[in-house]
Amino acid sequence: MKERNAKIQGKTVQLSPPYQGTHSRIVARENEMRKVLAAWMGRQSSQPLSPLLVGEPGVGKNRIVYECARLCDKELYIFQGHEDVTAEDLICSVRFSDDPGKKMDYIVSPLVTAMLRGGVCFIDEIAKIRPRALAPLASILDERRYVDSVLLGERIHAHRGFRFIAATNTDDLDETPLPEFIRSRMRPVIRVEYPERSEIDGIIRSHFEEMKADGSSLLDRFWELWTNNGINRPPTPRDSIYIFGYALNLADFESLRDRRPCNLESDSCESAPIEEKHLDKAFDVFRESTRRDNNVPSTHIHSSTKQ
Ligand SMILES: Nc1ncnc2c1ncn2[C@@H]1O[C@H](COP(=O)(O)OP(=O)(O)O)[C@@H](O)[C@H]1O
Ligand SMILES: [Mg+2]
């Protein structure tokens, strides 16, 4: 980022850094992106809206936000929600300064940085934040478009280019619904569903160079494993990328003569071709970890795949 500092009524504050993703092309999701981009349109007479993405973990909520910010050519500032966030964390924090001439540095949050710079603020996992910590959003997300900072003792107005979006996992929202004052300001609610089979195939192909040209039989094997193992939901992009990524790692690892990785960080190891047996093993490991998540003892895991 060019400018690390900004001035608020004469006080110098440090800005949060933007997120710069380096991503391959997004697969599908045109409908969801159209809804987000339409919500962000702003005229004199109508305010931009602040959408809320809701979906299972790993379905691609973050990815949609990254792509929408990129399409608008806006800087993206991400605030990660969790239980310990306070209202002031959402705005500004202070720390002892490294500069001998100053006692304290003010560091403005990703939310306030986006407000100052006219970027996008994305609050991820918003339902994990306790309701009273969300209070500063009330004035930001309605026509006031400002926030009062206790630490700075100042009112901060949003640049007219500022846009807002948040996401939450479905389960978190069921457990702790968002307070009404936030729910009523977060519109539209956009459900992000599991991608279709052809979209998952597209995501795998675009993610892994090795799968681009010829991966059909491995993709067929993947769907066979998924269906035969009775997992009672479709795969998410995250599951699929994990399984194929681990299968590729297994292929590379097995190709080492002494089974000792030369240098884990470098590309000096030769890439080995991925085979069905690698996918089968990766799938076993995945299945075992999802069963553990659900507290089913590992002895109950029935292994039907080849070793
Ligand atoms: N439509 C898509 N096209 C390409 N990659 C995707 C797509 N959706 C998700 N992914 C990838 O799948 C993984 C999980 O997606 P993510 O956006 O983090 O899910 P969520 O935020 O819903 O938990 C990421 O690596 C992401 O880049
Ligand atoms: Mg996410």
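Scoring rules and cut-offs
In this convention, every chain numbers its residues from 1, walking through the sequence in written order. Each chain gets a letter, beginning with A, and each ligand a number, beginning with 1, in the order they are written. Thresholds applied to this predicted model are a pLDDT of at least 70 for local features of residues and 80 or more for the giving and counting of side-chain atom pairs; totals over whole chains, interfaces and linings are not thresholded and use all residues. The basis for every side-chain value is the complete set of heavy atoms in the structure, and neither hydrogens nor water enter the calculation. We define a nonpolar core as any set of buried Ala, Val, Leu, Ile, Met, Phe, Trp, Tyr and Cys residues linked to one another through side-chain atoms lying within 4.5 Å. Under the scheme applied here, a residue whose accessible area is under 20% of the maximum for its type counts as buried, over 50% as exposed, and between as partly exposed, the area being computed with a 1.4 Å probe on protein chains only. Each helix is a run of DSSP H or I of at least 4 residues and each strand a run of E of at least 2, with the numbering of both proceeding from the N terminus. The criterion used for residue contact is that any of the two residues' heavy atoms lie within 4.5 Å. Angles run from 0 to 180 degrees between N-to-C directions of axes, and those axes are lines fitted to C-alpha atoms, restricted for helices to the stretch in contact. Angle categories are assigned with fixed cut-offs, so that under 35 degrees is roughly parallel, over 145 is roughly antiparallel, 65 to 115 is roughly perpendicular, and the rest are oblique. Two helices that cross are described as forming a left-handed crossing if the nearer one is turned anticlockwise from the farther one by less than a right angle, and a right-handed crossing if clockwise. Put simply, Ala, Val, Leu, Ile, Met, Phe, Trp, Tyr, Cys and Pro go in the nonpolar bin, Asp, Glu, Lys and Arg in the charged bin, and everything else, Gly too, in the polar bin.

> Help me understand the nonpolar core, please; the structure alone is not making it clear to me.
Inside soluble globular proteins, nonpolar side chains tend to come together where they are buried. Formed by 38 residues in total, the largest nonpolar core has its most connected members in Leu111, Ile123, Ile126, Leu137, Phe162 and Phe164. Secondary-structure elements contributing two or more residues to this core are strand 1 (5-8), strand 3 (50-55), strand 4 (76-80), helix 3 (110-117), strand 7 (120-124), helix 4 (137-140) and strand 10 (163-169). The element best represented in this core is helix 3, accounting for four residues. Beyond its immediate stretch of four places on either side in the chain, Ile123 contacts Phe79, Leu90, Ile129, Leu137, Phe164, Ile165, Ala166 and Ala167. In terms of nonpolar packing, the next biggest core, distinct from the first, is built from 21 residues, Phe208, Leu218, Leu225 and Ala282 among them.

> Would you mind going over the packing of helix 7 (residues 197-207) against helix 10 (residues 237-254) with me for this structure?
Each pair of packed helices gets described by two things: the angle between the helix axes and the distance between those axes. Here helix 7 crosses helix 10 at 45 degrees, and the two axes come no closer than 10 Å. Of the possible angle classes, the one that applies to helix 7 and helix 10 is oblique. The two elements helix 7 and helix 10 meet at a crossing, and its hand is right-handed. On the side of helix 7, the interface is formed by Ile200, Ile203, Ile204 and His207, while helix 10 contributes Pro237, Ser240, Ile241 and Phe244. By residue class, the composition of the contact of helix 7 with helix 10 is six nonpolar, two polar and no charged.

> Would you mind showing me how to read unusual backbone geometry here?
Trans peptide bonds make up most of the peptide bonds, and negative phi angles are found at most residues other than glycine. Each neighbour pair has its own omega, and for Arg187 with Pro188 the value is -5 degrees, a cis peptide bond. Looking at where Pro188 falls in the secondary structure, it is placed in strand 11 (residues 186-192). Its identity as a non-glycine residue notwithstanding, Asp73 has a phi of 60 degrees, on the positive side. Secondary-structure assignment places Asp73 in the loop between helix 2 (61-71) and strand 4. When its relative accessible area of 72% is taken as the criterion, Asp73 is described as exposed. Here the phi dihedral of Glu125 falls at roughly 55 degrees; this positive angle occurs in a residue that is not glycine. Among the structural elements, Glu125 can be located in the loop between strand 7 and helix 4.

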